[in-house]
Amino acid sequence: MAFYGITALQVDETGTIQLASNGFKSSEEELFLVFERASEGNLLDFVEQHFINATREESWSIVIDALTSIASGLVELDRRHLTHG
Amino acid sequence: MIATYHFLPIHSDLHPGNILVTKRFYQEPPPHHEEYAYLLTDFGGGGYIGDQSVVSSSGRFECHVGDYIAPEVKIGGSGSVEADVFSLGCIGRTLVSLRRTISAKKGSIDWENIPKSLKTILDDCTASNRLQRPQTFPLTTRLEDLYVPDLMKDETAWSVWDGDRSVTVLASDAAGHVARARAQVDEMLRRFG
């Protein structure tokens, strides 16, 4: 997962990010970590959307690709002596 | 990913809600010019292996998605690679279940009749004894070795009449059962017909 950096943004009392151009002045700045955008949402959102129109072969490919990819991520964590939780 | 851990030491765990998916594009021509990448996020609860303490800096109640948590963690143990493997097995079961629910309308598939090769892997991942769970690298290799046409061959359960009873068999075995049933009918017709 690409990590792009850290940025400071103003956040109002409802948790909404305010852009500086809006002239919002009553909030404090908070630090945010910026990662690449996950265009497809979380795993369940993704598979639910793709299973609907997938053929049998495609749906199995989705399952296997997802599990293989997640397992590869665990290999990388293991290599760095980290656990997920 | 690693940066996340260093900057945000709050609690989390591995479940479908904190695995994000994104589409990536490459210069190569189709079919490899794009692919979906699965991103493991929310490492708040992560820790270095051997660190026995799990502290929530958020001060909030630590809410787990219980179905994905290894039994040894549920009773108070700390996270481990083996616990992550358990979570992966649970995620696999969820995906198979969702697939059955959403896309298998052409014929229902029981859990016991999912492809044996995949079921064996998921069962190994969710072993109650964490020491019996596979290590991550061999696990990845086993998953990579799964061949989709073989999965398709094994997935569907067929009900056929075998002599005096209805039995459920795998699709790959159905032809043999049908042939035997047909021979029995032919024999009955020959004797009583």
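Residues numbered from 1 in each chain as written. Chains lettered and ligands numbered in written order. Predicted model: local features only at pLDDT ≥ 70, side-chain atom pairs only at ≥ 80, totals over all residues.

I keep staring at the overall build of chain B and nothing clicks. Help me out?
Helices and strands together make up the secondary structure of chain B, namely seven helices and five strands. Helices (α) and strands (β) of chain B occur, in sequence order from the N terminus, as α-β-β-β-α-α-α-α-α-β-β-α. Relative to its 193 residues, chain B shows a buried fraction of 28%. Contacts in chain B between residues at least 24 apart in sequence constitute 55% of all its contacts with a sequence separation of at least 6. (Helix = DSSP H or I, 4+ residues; strand = E, 2+ residues; numbered from the N terminus. Buried ≥ 20, exposed ≤ 12 C-beta atoms within 10 Å, placed from the backbone. Contact = placed C-beta atoms within 7 Å.)

Before we go on, may I ask you to explain the overall build of chain A in this structure?
Each helix and strand in chain A was counted, giving two helices and four strands. Listing the helices and strands of chain A from first to last along the sequence gives β-β-β-α-α-β. Contacts spanning at least 24 positions in sequence make up 33% of the contacts within chain A whose residues lie at least 6 apart.

Before we go on, may I ask you to explain the confidence of the model for chain B in this structure?
When pLDDT drops low, the exact placement of atoms in the prediction is not to be read closely. All names here are of chain B. Across chain B, the average pLDDT comes to 69, with 54% of residues at or above 70. Counting contacts from residues 157-163, a segment whose pLDDT is below 50, to residues more than four positions away or on other chains yields 23 contacts. Across residues 169-174, confidence stays below pLDDT 50; counting only partners more than four residues off in sequence or on other chains, it has 14 contacts. Confidence estimates for the predicted assembly give a pTM of 0.68 and an ipTM of 0.77. (pLDDT = per-residue confidence, 0-100.)

Is there a simple way to think about the sheet that holds strand S1 (residues 3-11) of chain A in this case?
Taken in spatial order, the three strands of this open sheet run S2-S1-S3 (chain A), and their pairing is antiparallel. Two strands close off the open sheet at either side, each with one partner strand: strand S2 (17-18) and strand S3 (29-35) of chain A. (Pairing = 2+ DSSP bridges.)

Just to check I follow, could you spell out the environment of valine 148 of chain B for this structure?
Its place among the elements puts valine 148 of chain B in helix H6 (residues 148-155). For the pair formed by valine 148 of chain B and proline 115 of chain B, sequence separation is 33 residues and the distance between their alpha carbons is 10.0 Å.

What is the right way to read helix H4 (residues 116-125) of chain B from this model?
At 3.6 residues per turn, the α-helix brings residues three or four places apart onto the same side. Taken together, the buried positions of H4 of chain B are occupied by Leu118, Ile121 and Cys125 of chain B. Burial along H4 of chain B is one-sided: seen end-on, the buried residues are contained in an arc of 65°. (Arc of directions from axis to C-beta.)

What's the story with the pairing of S3 of chain A in this structure? I'm lost.
Within a regular beta strand, the side chains point alternately toward one face of the sheet and then the other, so they alternate between its two faces. Residues and elements named next belong to chain A. Across the seven residues of S3, zero count as buried, placing the element largely on the outside. As defined by bridge partners, S1 adjoins S3 across seven bridges and the pair is classed as antiparallel. What sits directly across from alanine 8, in S3, is leucine 31.

Just checking my understanding: could you explain the confidence of the model for chain A for this structure?
Averaged over all residues, the pLDDT of chain A is 80; the fraction at 70 or higher stands at 82%. Confidence scores differ between elements of chain A, with strand S4 (residues 82-83) of chain A showing the lowest mean pLDDT of 66 and helix H2 (residues 56-79) of chain A the highest of 89.

Explain the packing of H2 of chain A against helix H5 (residues 136-144) of chain B here, please?
For any two helices packed against each other, one specifies the crossing angle of their axes together with the interaxial distance. Orientation of H2 of chain A relative to H5 of chain B, taken along the N-to-C sense of each, is 160°, at an axis distance of 9 Å. Between H2 of chain A and H5 of chain B, the interaxial angle falls into the category roughly antiparallel. For the pair H2 of chain A and H5 of chain B, the crossing hand works out as left-handed. Along the contact surface, H2 of chain A presents Ile64, Leu67, Thr68, Ala71, Ser72, Leu74, Val75 and Asp78 of chain A, while H5 of chain B presents Thr136, Phe137, Leu139, Thr140, Leu143 and Glu144 of chain B. (Axes fitted to C-alpha atoms, helices over the stretch in contact; angles between N-to-C directions. Parallel < 35°, antiparallel > 145°, perpendicular 65-115°, else oblique. Left-handed = near helix turned anticlockwise from the far one by under 90°.)

How should I be thinking about the environment of leucine 143 of chain B in this particular structure?
Looking at the secondary structure, you find leucine 143 of chain B in helix H5. For the pair leucine 143 of chain B and leucine 118 of chain B, spaced 25 residues apart in sequence, the C-alpha to C-alpha distance is 7.9 Å.

Just checking my understanding: could you explain the environment of glycine 5 of chain A for this structure?
On the secondary structure map, glycine 5 of chain A appears in strand S1. Glycine 5 of chain A sits 30 residues away from phenylalanine 35 of chain A along the chain, and the two C-alpha atoms are 7.4 Å apart.

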